[in-house]
Amino acid sequence: MGRVAGLAGVSVRTLHHYDEIGLVRPSARTASGYRAYSAGDVERLREVLAYRRLGFGLRQVAELVGDPSTDAVAHLRRLRGLLLERRDRADAMVAAIDTELDARAKGLRVTPDEQLEMLGARLYDAIGGAYTATRRTDPRIAAQIWDALGDAQTVLNVGAGTGSYEPADRDVRAVEPSAVMREQRPAGAAPCVAAAAENLPFQDRSFDVAMAVSTVHHWGDPIAGLREMRRVARRVVVLTFDTDENGWQDRFWLTRDYLPEFATVLADFPSLAGMADAIGARSEPVPVPWDCTDGLFEAYWRRPRAYLEDHVRRAMSVWTRVGPQAEQRAVQSLSNDLETGRWAEGNRHLTDLDAADLGLRLLIA
Ligand SMILES: C[S@@+](CC[C@H](N)C(=O)[O-])C[C@H]1O[C@@H](n2cnc3c(N)ncnc32)[C@H](O)[C@@H]1O
């Protein structure tokens, strides 16, 4: 018991307590007859401790680990989703704190409502207000997505945000968890439900196609969300990002030379092959036009000065995720290289390109 306690970073007393209340009982025996943890007991203990660390009470934990329909993989998936959701909220709180510090430094008053909002913030509730400054449908990317929708008449747009890429000539429903994003949908936009991809409030095969654009990397459990899309629609179209290729971080000069932290943002993101597998999709590259009108992270690959603009960066979640220190360092370093001509020298070949493959992929199932 002492060894297991040491490895798990808990006290022997805690293990005794779990044994007494029947939560985790050492069911094996050592050669000398002492009670010991079997491999199955250790697996259960690990689940108990992980749920405890996420703040669940003992009774809730007992229900979770006692559910016979949840196997070890399902627990790992759920834990992963809960941890990512927690990280998302932490990012949102950091963003809200930065905004408040900024306001206070300028001597602005922060209302009690604004102070409280920070505690319940989701990432897009914190940063979504800046979205529409630069984020909108790019017609060339839209053409590729709409082409993939084929002759579908009923369309579900998951993680719909403010409504970019929703086709006007079909019957569209939208799903979007952030109130801030929903409120910015233009008048006349498709009806939008407050829900998350992992739990779509629709019956099986309710739509001809389900689409998701630039959103899967925000989901607590991308694979579960993709399977939900597959469940509620006959076909699925997803614009996402490929991290399968070796050295994918080097495809774009911004992540290669200025923001290597981008790799940590996507560290837990599933492989493109895994996502394609989940929905039975093929994938095709989505080149980013040099004058892309949707201000997504890769949009300004031929217009580097744009990344020096605060309002441009605020509409890209990557900058919030890497944190203000990495952001300031990257921007300063890019600014210096633009001044000295170093950026131009290193990226001369880009001026001849009209579009670039920077890892955006369309999954079509
Ligand atoms: C970069 S925006 C993309 C919005 C829109 N699809 C577009 O292309 O402009 C990402 C969106 O995903 C939403 N989102 C975050 N977590 C989600 C989840 N679990 N399920 C569905 N959408 C989610 C965010 O609230 C945000 O509106």
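These numbers come from a predicted model, not from an experiment.

A word on the overall build of the protein chain. For the protein chain, the count of helices and strands is 17 helices and 11 strands. Taken over the C-alpha atoms alone, the protein chain extends approximately 75 × 50 × 45 Å along its principal axes. Relative to its 365 residues, the protein chain shows a buried fraction of 35%. Within the protein chain, contacts between residues separated by at least 24 positions form 67% of all contacts whose residues are at least 6 apart in sequence.

Inspection of the region around the ligand gives 21 residues, with Tyr124, Gly159, Gly161, Ala197 and Thr215 positioned closest. Partitioned by chemical class, the residues of the shell around the ligand number 10 nonpolar, eight polar and three charged.

Before going further, it helps to spend a moment on the domain arrangement of the protein chain. Partitioning the protein chain into structural domains gives domain 1 (2–66), domain 2 (72–125) and domain 3 (133–364). Measuring from the centre of the C-alpha atoms in domain 1 to the corresponding centre in domain 2 gives 32 Å. Taken together, the contact pairs four residues of domain 1 with four residues of domain 2.

An α-helical turn contains 3.6 residues, so any two residues separated by three or four positions project in the same direction. For helix H16 (residues 324–340), with 17 residues, the first-to-last C-alpha span of 24 Å sits near the 24 Å given by 1.5 Å per residue. In the segment just after H16, Gly341 is the residue with positive phi, at about 90°.

Let us now look at the sheet that holds strand S7 (residues 233–241). Reading across the sheet, the seven strands line up as S5-S4-S3-S6-S7-S11-S8 and stay open at both edges, with mixed pairing between neighbours. In this open sheet, the two strands that pair with only one neighbour each are strand S5 (192–193) and strand S8 (282–285). Where helix H13 (residues 272–279) meets the sheet, it contacts S7, S8 and strand S11 (360–364), and its direction lies at approximately 20° from that of S11.

In this section: the packing of helix H3 (residues 39–53) against helix H4 (residues 58–66). Helix-helix packing: each pair is described by the crossing angle between the helix axes and the interaxial distance. Remark: H3 packs on H4, axes separated minimally by 10 Å, with the N-to-C direction vectors making an angle of 140°. Accordingly, the angle class assigned to the pair H3 and H4 is oblique. Between H3 and H4 lies a crossing whose hand is right-handed. Seen from H3, the contacting residues are Arg44, Glu47, Val48, Tyr51 and Arg52; seen from H4, they are Val61, Leu64 and Val65.

What follows concerns the pairing of strand S4 (residues 171–175). Across five bridges, strand S3 (residues 154–158) lies against S4 in parallel orientation. Residue pairing in the sheet places Val155 in a bridge with Val172 of S4.

What follows concerns unusual backbone geometry. The phi angle of most residues is negative, glycine excepted, and most peptide bonds adopt the trans form. In the Ramachandran plot, Arg205 falls in the positive-phi region, its phi being about 55° despite a non-glycine side chain. Within the secondary structure layout, Arg205 lies in the loop between S5 and strand S6 (207–213).

Our next topic: the nonpolar core. Note on soluble globular proteins: their nonpolar side chains tend to be buried together. Core analysis: the largest hydrophobic core is formed by 75 residues, its most contacted members being Ile145 and Val236. Residue contributions to this core peak at six residues, all from S6. In terms of domain composition, this core takes at least three residues from each of domain 2 (72–125) and domain 3 (133–364). The contact partners of Val236, leaving out residues within four places of it in the chain, are Val209, Ala210, Met229, Arg230, Ile279, Ala281 and Ala365. Counting residues in each nonpolar core, the second largest holds nine residues, with Leu15, Val48, Val61 and Val65 among its members.

As a further point, take the pairing of S11. For S11, the tally of buried residues reaches five of five residues, placing the bulk of the element in the interior. Taking every second residue as pointing to the same face, both faces of S11 are buried, with Leu360, Leu362 and Ile364 on one and Arg361 and Leu363 on the other. Bridge analysis of S7 against S11 gives five bridges, and the strand direction is antiparallel. Considered in S11, the bridge of Val238 is made with Leu363. Sheet topology places S8 next to S11; four bridges connect them, and they run antiparallel. Each bridged residue has a counterpart across the sheet, and for Ser283 the counterpart in S11 is Leu363.

Next up on the list: H13. Along H13, the residues that are buried comprise Leu272, Met275, Ala276, Ala278 and Ile279. One side of H13 carries all its buried residues, which in axial view fall inside an arc of 155°. Those residues of H13 that are buried are in contact with helix H10 (222–232), S7, S8 and S11. Positioned one or two residues after H13, Gly280 has a phi angle of 65°, which is positive.

All right, on to the packing of H10 against H13 then. Look at H10 against H13: their axes get within 8 Å of each other, and the N-to-C directions meet at 30°. Classed by the angle they form, the pair H10 and H13 counts as roughly parallel. The handedness of the crossing between H10 and H13 is right-handed. Within the contact between the two elements, H10 uses Pro222, Ile223, Leu226, Arg227, Met229 and Arg230 and H13 uses Gly274, Met275, Ala278 and Ile279. Of the residues in the contact of H10 with H13, the class split is seven nonpolar, one polar and two charged.

Thresholds applied
Residues numbered from 1 in each chain as written. Predicted model: local features only at pLDDT ≥ 70, side-chain atom pairs only at ≥ 80, totals over all residues. Helix = DSSP H or I, 4+ residues; strand = E, 2+ residues; numbered from the N terminus. Buried ≥ 20, exposed ≤ 12 C-beta atoms within 10 Å, placed from the backbone. Contact = placed C-beta atoms within 7 Å. Near = placed C-beta within 6 Å. Nonpolar A, V, L, I, M, F, W, Y, C, P; charged D, E, K, R; others polar. Domains from an automatic or database assignment. Expected span 1.5 Å × (residues − 1). Pairing = 2+ DSSP bridges. Axes fitted to C-alpha atoms, helices over the stretch in contact; angles between N-to-C directions. Parallel < 35°, antiparallel > 145°, perpendicular 65-115°, else oblique. Left-handed = near helix turned anticlockwise from the far one by under 90°. Core = buried A, V, L, I, M, F, W, Y, C linked by C-beta atoms within 7 Å. Arc of directions from axis to C-beta.

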